[in-house]
Amino acid sequence: MKEKDLKDDDKWDELIKLYQGHPCWLNIITLAIKELFNGQVSQFLIDEDEVFLGDIEALLENHLERLSDLEKQVINWFAMLDEPIDISQKLAELELSNARFLKVLQSLNRRCLVEKVLIEEKVKFQVNSLVRIYLNN
């Protein structure tokens, strides 16, 4: 970010957290901040209720288009959930065997579309927050 001449270095951690430290996404957003806000990160982050995806949308769209129909169904199901779920909570409406669900979940996790979180030492999964924003728009 220093090499890109971004200003407001006290806001860099917030920017990194918002875009989950993803190098590609941060490069895209850094360019947008330079282009639209003359490098002022604080101006970019002024609206806390809305996350700007910009050119990340095209990447996500391309990434999601390559999913199988079953993977699309599962990722959309995850996007509707408000909180992480235990994998044993798979809804009956998915009409998948547990083995098939686990295979799809593993594929989505490897593609960084869903992420594993530990809550009270229990493993749960949730859709990546930027993917959720994209899918819910």
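S.K.: Teacher, can you tell me more about a negative patch on the surface here?
M.R.: On the surface, Glu35, Asp55, Glu57, Glu61 and Glu65 cluster together into a patch of negative charge. By the secondary structure assignment, Glu57 is in helix α4 (residues 56-65).

S.K.: Honestly, the state of the cysteines in this entry has me stumped. Any pointers?
M.R.: Note: disulfide means a covalent bond formed between the sulfur atoms of two cysteine side chains. Taken as a whole, this structure holds 0 disulfides when the rule is applied. Cys24 takes part in no disulfide bond, and the closest cysteine sulfur to it belongs to Cys112, at a distance of 12 Å.

S.K.: Just checking my understanding: could you explain the packing of helix α5 (residues 69-80) against helix α7 (residues 129-136) for this structure?
M.R.: Working note: a packed helix pair is described by the angle between its axes plus the distance between those axes. Where α5 contacts α7, the two axes come as close as 9 Å, and the packing angle between them is 95°. By the angle between their directions, the pair α5 and α7 is classed as roughly perpendicular. Packed against α5, whose contacting residues are Ile75, Asn76, Phe78 and Ala79, the element α7 presents Val131, Arg132, Leu135 and Asn136 at the interface. Here the contact of α5 with α7 is built from residues that sort into 5 nonpolar, 2 polar and 1 charged.

Conventions and cut-offs
Residues numbered from 1 in each chain as written. Predicted model: local features only at pLDDT ≥ 70, side-chain atom pairs only at ≥ 80, totals over all residues. Heavy atoms only, no water. Patch = residues over 30% accessible without salt bridge, like charges linked within 9 Å, V, L, I, M, F, W, Y side chains within 5 Å. Areas by Shrake-Rupley, 256 points an atom, 1.4 Å probe, with all protein chains shown as cover. Salt bridge = Lys/Arg side-chain N within 4 Å of Asp/Glu carboxyl O. Lys, Arg positive; Asp, Glu negative; His and termini not counted. Charge placed at Lys NZ, Arg CZ, Asp CG, Glu CD. Helix = DSSP H or I, 4+ residues; strand = E, 2+ residues; numbered from the N terminus. Disulfide = S-S within 2.5 Å. Axes fitted to C-alpha atoms, helices over the stretch in contact; angles between N-to-C directions. Parallel < 35°, antiparallel > 145°, perpendicular 65-115°, else oblique. Contact = heavy atoms within 4.5 Å. Nonpolar A, V, L, I, M, F, W, Y, C, P; charged D, E, K, R; others polar.

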